[in-house]
Amino acid sequence: MRIVLVGPPGAGKGTQAAYLARNLEIPHISTGDLFRANISQGTPLGVEAKSYMDAGNLVPDSVTIRMAEDRMEQADAAGGFLLDGFPRNLGQAEALDTYLKGKGISLDAVLDLEVPEDEVVKRIAGRRICRKNSAHVFHAEYSKPKTEGVCDVCGGELYQRDDDHEDTVRKRLEVYHSETEPIIDYYKAQELVVTIPALGKVEEVTQRAMSALGRGE
Ligand code: ADP
Ligand code: AMP
C-alpha cells in the first residue's frame, strides 16, 4: 500500500505511522525525521534544513522533494510506504504524482488526521522525542516513558524539539493552514481522502485508520 498521512503538526501522524507501518509491513517515511537525522549527523542538508525548521517554515521544495524521492527509491519501499509529513504543499503533491506516474504506480489513500487546534497545542507542548531517533515519540502526560527522560525503545535521552516551543508552534500552524491544507482538496479531487477523527487513545485512532484502509478487525 502507498499511503499519505496529513494533519496539523502534533496531530499524531508520527505516532500513528509507527503502528500502521508495522501492521501493514511498509516503511514509515517521515521527512521531518529525515531532516532531524541529517541535522544530528551534521550533513550539509541538515545544516541547510535547520534554519528553516527552527523558524517554523517549510524547507525549500528543491531539497525536500529530492530527499523524499531518494528515500522512496530504497529497496524497502519497493512494495509500498507510508509518507508522514510529505507532501506538505501543492508543489510537493504535484511532484509526488509525477514521480509515482513515472513508476506506473499510484497512492491508495490519504489519511487526514483531524484534531481540534487546542488539543494539537497540548500534544505539541508535552511532546518529548528521543535524541538517538526522532521517530521514538513520547508525551509528558499522555504517553510517559517508563523512566523520566529516557527512551523506552532505545535508552536515548528524551528532549523537547526546538521547534516545539510556543512561538515556532504558532508559525507552524499558520504554515499548515496556508500551505499544507490545500493538498487535502487536491487529493479530494482524486477521491483519495479519508478523514480520521484523531481524538481519543492512540490505539483507538489506529483502529479507525486500519478500518478506513479496509484492514480493520
Ligand atoms: P505529528 O507527527 O503529527 O506532529 P506526533 O505523533 O509526534 O504528531 O504526536 C504529537 C504528540 O502527541 C506526541 O507527544 C504524542 O505522544 C502525543 N500523541 C499522539 N497521539 C496521541 C493521542 N491519541 N492522544 C494523546 N496524545 C497523543
Ligand atoms: P515534522 O517532523 O513533520 O513536524 O517536521 C518538522 C519540520 O521539518 C517542519 O516544520 C519543516 O520545517 C520541515 N519539514 C518536514 N517535512 C517537510 C516537507 N515535506 N516540506 C518542507 N519542510 C518539511
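- The name given to the protein chain in an unreviewed UniProt entry is Adenylate kinase, with Streptomyces catenulae as the source organism.
- Under the UniProt heading Subcellular location (unreviewed entry), the entry covering the protein chain gives this text: "Cytoplasm".
- According to the UniProt record, the Catalytic activity (unreviewed entry) comment for the protein chain reads "AMP + ATP = 2 ADP".

1. A few points about the nonpolar core
Here comes step 1: Formed by 23 residues in total, the largest nonpolar core has its most connected members in I3, L20, L24, L82 and L111.
Here comes step 2: Secondary-structure elements contributing two or more residues to this core are β1 (2-6), α1 (13-24), β4 (109-114), α6 (117-126), α7 (166-180) and α9 (202-212).
Here comes step 3: When residues in this core are grouped by element, the largest group, 4 residues, is from α1.
Here comes step 4: Setting aside residues up to four positions removed in sequence, L111 forms contacts with I3, V4, L5, V6, L20, V194, I196, A209 and L213.
Here comes step 5: Of all hydrophobic cores here, the second largest spans 22 residues; its members include F86, Y99, V110 and Y176.

2. Description of the UniProt feature "binding site: ATP" (unreviewed entry) in the protein chain
Here comes step 1: Listed under "binding site: ATP" (unreviewed entry) in the UniProt record, and renumbered for this structure, are G10, A11, G12, K13, G14, T15, R127, V137, F138 and G200.
Here comes step 2: Here T15 is to be found in helix α1.
Here comes step 3: When its relative accessible area of 26% is taken as the criterion, T15 is described as partly exposed.
Here comes step 4: Dropping the residues within four chain positions of it, T15 is found in contact with V137 and V202.
Here comes step 5: As for its placement among the helices and strands, F138 is situated in strand β6 (residues 137-139).
Here comes step 6: The contacts of F138, once residues within four sequence positions are left out, are G126, R127, R128, S143, K144, P145, C151, D152 and L158.

3. Here's the deal with the sheet that holds β4
Here comes step 1: Reading across the sheet, the 5 strands line up as β2-β3-β1-β4-β8 and stay open at both edges, with parallel pairing between neighbours. What marks the edges here is a single partner per strand, and that holds for β2 (28-30) and β8 (193-197). Between one strand and the next, the sheet's axes are offset by a mean angle of 25°, whatever the strand orientation.
Here comes step 2: Summarising the sheet, β1 and β4 pair through 4 bridges and their orientation is parallel. Directly across from L5, in β4, lies its bridge partner L111.
Here comes step 3: Contacts between helix α2 (residues 31-41) and the sheet are confined to β2 and β3 (81-84), with β2 contributing the most and set at about 65° to the helix.
Here comes step 4: α9 contacts β4 and β8 of the sheet and is inclined by roughly 160° relative to β8.

4. What to know about the site of ligand 2
Here comes step 1: Around ligand 2, a shell composed of 16 residues is seen, among which T31, R36, N57, G85 and Q92 lie nearest.
Here comes step 2: At 2.6 Å from an oxygen atom of ligand 2 is found a main-chain nitrogen or oxygen belonging to N57.
Here comes step 3: Considering each element in turn, the shell around ligand 2 owes the most residues, 4 residues, to α2.
Here comes step 4: Within the shell around ligand 2, the residues separate by chemical class into 5 nonpolar, 6 polar and 5 charged.

5. Some remarks on the side chain of S134
Here comes step 1: Following the sequence through the fold, S134 ends up in the loop between β5 (127-130) and β6.
Here comes step 2: Ignoring any residue separated from it by four or fewer positions in sequence, one finds S134 in contact with D33, R36 and I129.

6. Structural notes on helix α5 (residues 90-103)
Here comes step 1: Given a rise of 1.5 Å per residue, 14 residues ought to cover 20 Å, and the 20 Å separating the end C-alpha atoms of α5 matches this to within 8%.
Here comes step 2: Within the sequence span of α5, burial applies to Q92, A93, A95, L96, Y99 and L100. The arc enclosing the buried residues of α5, seen along the axis, measures out at 160°, which places them on a common side. Across α5 from its buried face, at more than 90 degrees, point the exposed residues T98, K101 and G102.
Here comes step 3: Buried residues in α5 make contact with β1, α4 (61-72), β3 and α8 (182-188).
Here comes step 4: Capping of α5 at its N-terminal end is provided by N89; its side-chain oxygen lies 3.3 Å from the backbone amide nitrogen of G91.

7. Things to note about the packing of aromatic side chains
Here comes step 1: Evaluation of the coordinates by the stated rule reveals 1 aromatic pair.
Here comes step 2: Each ring, one from Y186 and one from Y187, has its centre 5.3 Å from the other, and the planes form 75°; the classification is edge-to-face.

What counts, and where the lines are drawn
- Residues numbered from 1 in each chain as written.
- Chains lettered and ligands numbered in written order.
- Predicted model: local features only at pLDDT ≥ 70, side-chain atom pairs only at ≥ 80, totals over all residues.
- Heavy atoms only, no water.
- UniProt positions renumbered as here; feature names shortened; annotations may be inferred.
- Core = buried A, V, L, I, M, F, W, Y, C linked by side-chain atoms within 4.5 Å.
- Buried < 20%, exposed > 50% of the residue type's maximum accessible area, 1.4 Å probe, protein only.
- Helix = DSSP H or I, 4+ residues; strand = E, 2+ residues; numbered from the N terminus.
- Contact = heavy atoms within 4.5 Å.
- Pairing = 2+ DSSP bridges.
- Axes fitted to C-alpha atoms, helices over the stretch in contact; angles between N-to-C directions.
- Near = heavy atom within 4 Å.
- Polar contact = N/O pair within 3.5 Å; in protein donor to acceptor, adjacent residues only side chain to side chain.
- Nonpolar A, V, L, I, M, F, W, Y, C, P; charged D, E, K, R; others polar.
- Expected span 1.5 Å × (residues − 1).
- Arc of directions from axis to C-beta.
- Phe/Tyr/Trp six-rings, centres within 6.5 Å; stacked < 30°, edge-to-face > 60°.

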